[in-house]
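Spelled out, the chains give:
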Amino acid sequence: AVQANFYQVRLDLTTAVEKSQWGETHPLLLCTRRTRLKKIGQKVMVGDQVLIEEIDLADGRGAIAQVLPRKTELQRPPVANAEQIVLVFALEEPSLDPWQLSRFLVKAESTSLEICLCLNKADLITPHQQQQWQERLQQWGYEPVLISVAKNTGLEQLLKRLKGKISILAGPSGVGKSSLINKLIPDVEQRVNQVSGKLQRGRHTTRHVELFQLPLGGLLADTPGFNQPDLDCDPTELAFYFPEAKKRLENAHCQFNDCLHRDEPNCLVRGDWERYEYYLKFLEEVIAFTETVKQLPDQE
Ligand code: GDP
Ligand code: ZN
């Protein structure tokens with residue numbers, strides 16, 4: 001008898017998979033890909049929604065018969081259907097550097113996923129300072145969630161923002177990403193061991209991506225996205241990665257279609273916003289990058 005069910009792929013899966021349907025946990029199944037999928041070169045990614053046939057619960061086996069169309073597809077980390085990037089920074093230790101934060105934000109914006117900005121270690125600054133950061137980042141176009149993993153504050157609010165979506169963690173090291181994962185997914189080590197046993201290989205022996213089910217629903221990839229973002233976009237797109245500039249271009253445009261918002265006449269973006277200066281510096285970097293790429297010999 002053939003049973004068919006939709007599952008969500010939650011483990012790394014070139015050869016093996018775990019799945020769970022939205023909201024419910026299912027037994028771990030080790031799956032093969034149907035030959036038909038192999039023939040058409042259809043790969044299975046973590047985050048994919050798949051149709052599983054021939055489920056054998058006693059043996060914990062199944063076969064992936066179909067991969068549903070993906071809403072999004074990231075390469076680093078390789079995750080399908082992610083909708084949001086959770087960008088984690090610390091308010092102190094290390095102290096929040098607006099320039100470094102902007103670099104991560106621009107990179108995150110360039111993926112076109114939603115951004116949830118999460119500022120950790122709120123316990124290390126005063127409520128007044130927290131308020132100041134809150135307001136400053138609102139000016140930039142963000143609604144940051146201030147949390148303290150150490151003091152257990154703000155986590156409920158963060159979980160609400162992660163509900164019902166696949167989210168990817170990003171952020172520099174030392175800001176508390178691992179502490180956050182351990183807090184949100186208390187049995188994380190135990191789960192990882194269970195999975196490693198099933199796959200007969202260690203967690204770190206292979207490129208492993210896993211999505212963890214969050215307490216209020218939603219899935220979080222434990223593999224951090226980017227930690228040293230390079231800015232490699234098209235120079236004319238850069239302004240759209242700054243919400244405060246993007247807003248100015250929503251229902252209007254600069255005189256020149258290819259305006260880089262430097263000293264062109266009738267530019268709507270140039271002006272009195274805090275990060276305009278960052279925009280100009282990033283723009284130089286992006287232009288320099290584009291020129292290096294142009295100078296590279298064709299790889300033929
Ligand atoms: P990661 O590199 O981003 O994974 O950061 P870790 O989770 O390893 O945390 C870096 C350091 O920050 C550790 O010493 C944590 O104990 C500390 N830390 C994490 N969260 C908090 C917090 O909310 N408040 C304070 N004061 N320290 C924290
Ligand atoms: Zn302009």
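Placed above this text is the structure.
All values derive from a computational prediction rather than experimental measurement.

(A) Structural detail: the nonpolar core. By size, the foremost hydrophobic cluster in this structure holds 31 residues, and its most contacted members are Val79, Leu87, Leu91, Leu101 and Leu119. Here this core gets four residues from one element, more than from any other, and that element is helix α2 (residues 98–109). Among all residues touching leucine 119, those that are not within four sequence positions of it are Phe89, Leu91, Leu96, Leu137, Pro144, Val145, Leu146 and Ile147. Val106, Leu231, Cys254 and Cys259 belong to the second-largest nonpolar core, a separate cluster that totals 22 residues.

(B) Seen up close, the site of ligand 1. Close to ligand 1 lie 15 residues; Asp123, Gly174, Lys177, Ser178 and Ser179 are nearest. Here an oxygen atom of ligand 1 sits 3.4 Å away from a polar atom, N or O, in the side chain of serine 148. Within the backbone of glycine 176, a nitrogen or oxygen atom sits 2.9 Å from an oxygen atom of ligand 1. For ligand 1, the protein covers 66% of the area, taking 580 Å² as the surface of the free molecule. With three residues, the top contributor of residues to the shell around ligand 1 is helix α5 (residues 177–184).

(C) Here's a closer look at the packing of α2 against helix α8 (residues 276–295). The N-to-C vectors of α2 and α8 enclose an angle of 60°; their axes lie 11 Å apart at closest approach. Considered as vectors, α2 and α8 are oriented oblique to each other. When you trace α2 past α8, the crossing you get is right-handed. Contacts between α2 and α8 involve Pro98, Trp99, Ser102, Arg103 and Val106 from the former and Tyr278, Lys281, Phe282 and Glu285 from the latter. Its residues placed into classes, the contact of α2 with α8 shows five nonpolar, one polar and three charged.

(D) Just the coordination of the zinc ion (ligand 2), in detail. Around the zinc ion (ligand 2), the protein contributes the donor atoms Cys254 (SG), Cys259 (SG), His261 (ND1) and Cys267 (SG), at 2.0 to 2.4 Å from the metal centre. Within one chain, the residues donating to the zinc ion (ligand 2) are spaced in sequence as C-x4-C-x1-H-x5-C. Given the relative accessible area of 4%, histidine 261 is considered buried. Among the residues examined, cysteine 267 registers a relative accessible area of 12% and is labelled buried.

(E) Region of interest: the packing of α2 against helix α3 (residues 127–140). The contact between α2 and α3 brings their axes to 13 Å, and the two run at 40°. Comparing their axes, α3 and α2 come out oblique. Relative to α3, α2 is oriented so that their crossing is right-handed. In this structure, α2 uses Pro98, Leu101, Ser102 and Leu105 to contact α3, whose residues at the interface are Trp133, Arg136, Leu137 and Trp140. Here the residues of the contact of α2 with α3 are counted per class, giving six nonpolar, one polar and one charged.

(F) The packing of aromatic side chains, seen in detail. Tallied over the entire structure, the rule returns nine aromatic pairs. Between tryptophan 99 and phenylalanine 282, the aromatic rings sit 4.7 Å apart at their centres with planes inclined by 35°, giving tilted as the arrangement. Taken together, the residues tryptophan 99 in helix α2 and phenylalanine 282 in helix α8 connect sequence positions 183 residues apart. Judged by relative accessible area, which is 28%, tryptophan 99 ranks as partly exposed. Looking at phenylalanine 282, the relative accessible area reads 0%, which means it is buried. Summarising the aromatic geometry, the rings of tryptophan 273 and tyrosine 276 are spaced 5.6 Å apart at their centres and angled 55° between planes, so their arrangement reads as tilted. For tryptophan 273, a relative accessible area of 9% corresponds to the buried category. Through pairs of rings, three or more aromatic residues link up here, namely Trp99, Phe242, Trp273, Tyr276, Tyr278, Tyr279 and Phe282.

Calculation criteria
Residues numbered from 1 in each chain as written. Chains lettered and ligands numbered in written order. Predicted model: local features only at pLDDT ≥ 70, side-chain atom pairs only at ≥ 80, totals over all residues. Heavy atoms only, no water. Core = buried A, V, L, I, M, F, W, Y, C linked by side-chain atoms within 4.5 Å. Buried < 20%, exposed > 50% of the residue type's maximum accessible area, 1.4 Å probe, protein only. Helix = DSSP H or I, 4+ residues; strand = E, 2+ residues; numbered from the N terminus. Contact = heavy atoms within 4.5 Å. Near = heavy atom within 4 Å. Polar contact = N/O pair within 3.5 Å; in protein donor to acceptor, adjacent residues only side chain to side chain. Areas by Shrake-Rupley, 256 points an atom, 1.4 Å probe, with all protein chains shown as cover. Axes fitted to C-alpha atoms, helices over the stretch in contact; angles between N-to-C directions. Parallel < 35°, antiparallel > 145°, perpendicular 65-115°, else oblique. Left-handed = near helix turned anticlockwise from the far one by under 90°. Nonpolar A, V, L, I, M, F, W, Y, C, P; charged D, E, K, R; others polar. Donors = N, O, S within 2.8 Å, 3.2 Å for Na, K, Ca; no water. Phe/Tyr/Trp six-rings, centres within 6.5 Å; stacked < 30°, edge-to-face > 60°.

Function cannot be read off these values alone, since they describe shape.
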